[in-house]
Number of protein chains: 2
Amino acid sequence: MTLSLKEFGYKQAIVIRTDLEMGRGKIAAQVAHAAVSALDDVRKRHRDWAEAWLNEGQCKIVLKVKSEKDLSILEEAARDLGVEANIIRDRGLTQLPPDTATCIGIGPGPTELIDKITRDLKLL
Amino acid sequence: MTLSLKEFGYKQAIVIRTDLEMGRGKIAAQVAHAAVSALDDVRKRHRDWAEAWLNEGQCKIVLKVKSEKDLSILEEAARDLGVEANIIRDRGLTQLPPDTATCIGIGPGPTELIDKITRDLKLL
């Protein structure tokens, strides 16, 4: 049997801005930051979602947007559906000005909710 | 005052294979997986390290190696110093064969220990 992505009951989405033109190492670090922070938020309010997601093997997708405003729109959409979402701001120690919003971690949460929030976005 | 990376007492390193030629989205997802998994391991044995690292703002660096063997060498070096390290194996649902070792998460742990393990590696 081959597992398909659709068979995961829980998913985390991380959405990164491509307009900042970050390198792949910087992108990876920002996405990792978002994954850790959003999971910590979910653990506080939906511990069952967090545990189920970890037990399934941490299904996550990395998607892209083109502006800071897009991150804010996603944050609002997630909150409207009761899914924790966490915008990451870079400290600006290396490539970016301080407090630049770089990406957002959404969930983990039930796949159907995450898909409602992110269905119009493309994979990075 | 400008913060420099050297002022962080705790750090997490994630080291990814470049020989697999993964795209930036795949790299970011693998690195995020490693960050979450290694942190969870650290929390079990060095809860104080995990908390200190989170409170400092999750300093993390993303580095590169060229082979699976290099990941194993890093895992052994980390264990010799008492730092948790976690090799991530991809399920192979999308771009890679199942169980391909893609990267390793090391720590978070005290910066001096992480630096001992990773000092010869280059940034991704």
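Note that the structure is a prediction, hence the values are computed from the model and not measured.

(A) Region of interest: the interface of chain B and chain A. At the junction of the two partners, chain B supplies 29 residues and chain A supplies 29 residues. For the pair chain B and chain A, the number of links is 7 residue pairs in polar contact (both at pLDDT 80 or more). Where the side of chain B that touches chain A is concerned, the elements lending two or more residues are α1 (24–45), α2 (47–56) and β2 (60–65) of chain B. The element that contributes the greatest number of residues to the side of chain B that touches chain A is α1(B), accounting for 14 residues.

(B) Structural context of a positive patch on the surface. Taken together, the side chains of A:R24, B:K64, B:K66 and B:K122 present a region of like positive charge at the surface. With respect to the helices and strands, B:K64 occurs in strand β2.

(C) Just the side chain of B:S37, in detail. Following the sequence through the fold, B:S37 ends up in helix α1. Since its relative accessible area comes to 14%, B:S37 is described here as buried. Polar contacts involving the side chain of B:S37 include one to the side chain of A:Q58, which spans 3.0 Å.

(D) Region of the structure containing the pattern of salt bridges. All names here are of chain A. Tallied over the entire structure, the rule returns 22 salt bridges over all chains. Of the charged contacts in the structure, one is a salt bridge between D40 and R43, with a shortest N-O distance of 3.8 Å. With D40 and R43 both in helix α1 (residues 24–45) and 3 residues apart, the pair spans about one turn of that helix. In this structure D40 comes out as buried when scored by relative accessible area, which is 17%. When its relative accessible area of 15% is taken as the criterion, R43 is described as buried. Note that E75 is salt-bridged to R79, the shortest N-O span being 3.2 Å. Residue E75 and its partner R79 are located together in helix α3 (residues 68–80), separated by 4 residues, close to a single helical turn. Connected via shared salt-bridge partners are R17, D19, E68 and R89.

(E) Geometry of the relation of the copies chain B and chain A. The operation relating chain B to chain A is a screw motion whose rotation component is 180 degrees, with 0.0 Å of axial translation and a residual RMSD of 0.0 Å. The symmetry that links the two subunits is that of a two-fold axis.

Rules of the game
- Residues numbered from 1 in each chain as written.
- Chains lettered and ligands numbered in written order.
- Predicted model: local features only at pLDDT ≥ 70, side-chain atom pairs only at ≥ 80, totals over all residues.
- Heavy atoms only, no water.
- Contact = heavy atoms within 4.5 Å.
- Polar contact = N/O pair within 3.5 Å; in protein donor to acceptor, adjacent residues only side chain to side chain.
- Helix = DSSP H or I, 4+ residues; strand = E, 2+ residues; numbered from the N terminus.
- Patch = residues over 30% accessible without salt bridge, like charges linked within 9 Å, V, L, I, M, F, W, Y side chains within 5 Å.
- Areas by Shrake-Rupley, 256 points an atom, 1.4 Å probe, with all protein chains shown as cover.
- Salt bridge = Lys/Arg side-chain N within 4 Å of Asp/Glu carboxyl O.
- Lys, Arg positive; Asp, Glu negative; His and termini not counted.
- Charge placed at Lys NZ, Arg CZ, Asp CG, Glu CD.
- Buried < 20%, exposed > 50% of the residue type's maximum accessible area, 1.4 Å probe, protein only.
- Least-squares fit on C-alpha atoms with pLDDT ≥ 70 in both.

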